[in-house]
Structure formats: structure tokens, C-alpha cells
Amino acid sequence: GAGAEGGAADSPLAFLGGFEGEIDGFTKDSKGTQVPIVLDIKASKVRFEIPEHMAKGTPLGEKAYVLFDPSAKKMWVVSDVQKQAIVVDLNTSGKALQGFGPPGAHGPGAPSGPPPKVTKTGKFDTVAGYKCENWDISSDHKEGTVCVADQGASWLSIPMTGIPTEQAWMLELLDGKHFPLRFVGYAKDGTTEESHIEVTKIDKKPLADTLFQVPAGYKTIDLDKMLQGFGVPGGFPIPHIPPHH
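Here goes a summary of the coordinates provided. (Residues numbered from 1 in each chain as written. Predicted model: local features only at pLDDT ≥ 70, side-chain atom pairs only at ≥ 80, totals over all residues. Heavy atoms only, no water.)

1. Details of the overall build of the protein chain
Applied cut-off: Only runs of H or I of at least four residues qualify as helices and only runs of E of at least two qualify as strands under DSSP, and these elements are numbered from the N terminus. For the exposure calls, accessible area comes from a 1.4 Å probe over protein chains only, and a residue counts as buried if that area is under 20% of its type's maximum, exposed if over 50%, partly exposed in between. Should any heavy atoms of two residues lie within 4.5 Å, those residues are considered in contact. Areas reported as accessible are Shrake-Rupley estimates using a 1.4 Å probe. Residue values count occlusion only from the protein chains shown.
Of regular secondary structure, the protein chain possesses three helices and 12 strands. Among the 245 residues that make up the protein chain, the fraction classed as buried is 40%. When contacts within the protein chain are restricted to residue pairs at least 6 apart in sequence, long-range pairs at least 24 apart make up 51% of them. For the protein chain, the exposed area adds up to about 13200 Å²; of that, 58% sits on carbon and sulfur atoms.

2. Some words on the pairing of strand β3 (residues 45-49)
Cut-off, in case you're wondering: Strand pairing is assigned whenever DSSP detects at least two bridges linking the two strands.
Sheet analysis places strand β2 (residues 34-42) next to β3, joined by four bridges and oriented antiparallel. Bridge pairing links Ile-41 to Val-46 in β3. Connecting the antiparallel pair β2 and β3 is a turn made up of two residues, with Ala-43 showing a positive phi of about 55°. Across four bridges, the pairing between β3 and strand β4 (residues 64-69) is antiparallel. By the bridge assignment for β4, Glu-49 is matched with Tyr-65.

3. Some points on the packing of aromatic side chains
Rules: Any pair of Phe, Tyr and Trp rings, taking the six-membered ring for Trp, is counted once the centres come within 6.5 Å. Such a pair is stacked with planes under 30 degrees apart, edge-to-face with planes over 60 apart, and tilted for the rest. Only when the NZ of Lys or the CZ of Arg is both within 6 Å of the ring centre and within 35 degrees of the ring normal is a charge said to sit over the ring.
Taken as a whole and assessed by the stated rule, the structure comprises zero aromatic pairs. Sitting above the plane of the Tyr-65 ring, Arg-47 keeps its charged end 3.7 Å from the centroid. For Lys-131, the ring lying beneath its charged end belongs to Phe-124, and the centroid distance is 4.6 Å.

4. Concerning the sheet that holds strand β7 (residues 117-127)
Using the following cut-off: Where helices are involved, their axes are fitted lines through C-alpha atoms of the stretch in contact, as for all axes, and angles between N-to-C directions lie from 0 to 180°.
Spatial ordering of the open sheet is given by β7-β8-β9-β10-β11-β1-β2-β3-β4-β5-β6-β12, a layout of 12 strands whose pairing is mixed. A single partner strand is all that each edge strand has here, and the edge strands are β7 and β12 (219-222). Averaged over all neighbouring strand pairs, the angle between strand axes comes to 20°, with direction disregarded.

5. Quick word on the pattern of salt bridges
The condition that has to hold: The salt bridge definition used is simple: a Lys or Arg side-chain nitrogen within 4 Å of an Asp or Glu carboxyl oxygen.
What the rule picks out here adds up to eight salt bridges. As a salt-bridge pair, Lys-42 and Glu-20 come within 3.5 Å of each other at their nearest N and O atoms. Taken together, the residues span a long stretch of sequence, with Lys-42 in strand β2 and Glu-20 in strand β1 (residues 20-28) at a distance of 22 residues. Assessed through its relative accessible area of 21%, Lys-42 is described here as partly exposed.

6. Notes on the nonpolar core
Stated precisely, the cut-off is as follows: Among buried residues, those of type Ala, Val, Leu, Ile, Met, Phe, Trp, Tyr and Cys that are joined through side-chain atoms within 4.5 Å constitute a nonpolar core.
Formed by 24 residues in total, the largest nonpolar core has its most connected members in Ile-23, Ile-50, Cys-132, Phe-179, Leu-181 and Ile-202. At the level of secondary structure, the elements contributing two or more residues to this core comprise β4, β5 (74-79), β8 (130-138), β9 (142-149), β10 (179-186), β11 (193-204) and α3 (223-230). Looking at which element gives the most residues to this core, the answer is β4, with three residues. Tyr-65, Trp-76, Val-78 and Ala-85 belong to the second-largest nonpolar core, a separate cluster that totals seven residues.

7. Details of the state of the cysteines
What counts here: When the sulfur atoms of two cysteines come within 2.5 Å, that pair is taken as a disulfide.
Using the criterion set out here, one finds one disulfide in the structure. Here Cys-132 pairs with Cys-147 through a disulfide, and the sulfurs are 2.1 Å apart. Taking the sign of the torsion about the S-S bond as the criterion, the disulfide between Cys-132 and Cys-147, at about 95°, is right-handed. Of the two residues, Cys-132 is situated in strand β8 and Cys-147 in strand β9; the sequence distance between them amounts to 15 residues.

8. Some points on the environment of Gly-217
Looking at where Gly-217 falls in the secondary structure, it is placed in the loop between β11 and β12. Judged by its relative accessible area of 79%, Gly-217 falls in the exposed class. Between the alpha carbons of Gly-217 and Lys-83 there is a distance of 7.8 Å; along the sequence they are 134 residues apart.

9. Regarding unusual backbone geometry
Only a minority of non-glycine residues have a phi that is not negative, and only a minority of peptide bonds are not trans. Backbone geometry at Lys-83 places phi at a positive 55°, although glycine is not the residue there. Its relative accessible area of 49% is what places Lys-83 among the partly exposed residues. Its identity as a non-glycine residue notwithstanding, Ala-128 has a phi of 55°, on the positive side. Within the element layout of this structure, Ala-128 appears in the loop between β7 and β8.

It is worth stressing that arrangement in space is one thing and function is another; only the former is reported here.
Quick look at the structure:
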């Protein structure tokens, strides 16, 4: 079939609609060191390998990954060390997932101000060989810039039930019609780079179905039931991994 170069010249990423293969990229740690990240995708299912340095020291153990099935609206956090998976129903767990994200952004006492404003700048870059438009996200300062390719990536359609207002700008980005190729987050001064995630390669190739399934014999734990066990109605203190070590 046509690879990344095939298809209409004005929509080189159209093939992502039914994409099967690997998307490689990197994030930067607090020292500016690039840490590789890998997404495996088959039709609409996604597998994300949790970088070892992030999983190390957590109950997940060093070999852990996230499986995401948008059609089932479910996500599984799988630990090979524990031989178990935490299943997250995205219809009901929106509030529980508010623990994810930058420190201070969520939780009691976090300001729930107006959602950040998204400005489509009309300025284009090329990332991983693809054209994308820079969208600036700003509140009282410039919070970040996402370089977005305007294409269908059906597996990126993520239900955002219970999303906090400060994350509402993400709704358009995660509507299944856009593909972010780079995200740069800024400090309060609006210029100092605090976080950076970037796609480096989109590689079409066949992948085994088993990569997207929780291995047989693993214990599955329902997040909602786990929260009720903690006596936490819809608010789970998911440990945040601080950017500075």
C-alpha cells in the first residue's frame, strides 16, 4: 500500500485513519535529555510503553505499558512485574483521571479558572517530515504550543467526560480529526521550555493483535471499584511523577 509519501499531496497523513504501525518520538527530562517514547497502533487500538525511568520505583515495576481502546472507551495500565492490569472506564473515570497532569493543576485548592485560549497562529512547521500548524495555548501567560496536523487519526478520539476546565482546550485536539506532532510547554514566563514531546518517525508495519491485549492469566482490577475500596468517590490521588529529580 501507499506509505507516508503516498496519497494526496495535500493530506499526507490521511493514511493515519486506519493506521497500523509504530510512532516513535521523544520527551525531554528536567536535564534536557531526550527520552524515547513508542506508540504502537493497530486500527484504533493504541499501546504506549511507559518509559523505564518513569515506571521505576512505582508499584508498576520497570516493564509497564498502557493499552487504549477508543471504541470500548477503556484503558488498561498493565504491569508485567505484578502480572496485573488496572482497567479504566473512560465514561465513568474522568474525575479519577484528574490526578494526571502538571503538579498544582488539579486537586482541592487548584484554581478552576477560565479554560486556556487556543490561538491557531497560521504559522506552519515541518515535524517528522509532515506539515503542522502551531496552536498557542495561553491563560494569563503562554502555556504551550502544539504543532497540529489537520488529519483524521481515529484512535485519537478520546472521550473527555468530567474533564477539568483548565484542560478543555484539548477537546478539539482529541476529536479524532487532528494529529499533534509536537508539544512544547512553557514556564510562567511564557518562554522557558518546561516540557517537550515530539514525534520523530511514523512507521507503517504489521503488528500482532496480542500486543493490544492484556496477557492471559493477568489479574484485572477495575479502577472505579478500587476507588470505592479507598473510599474515594470519583477522585483518585494518582501519584504525579515530578519533572525534577
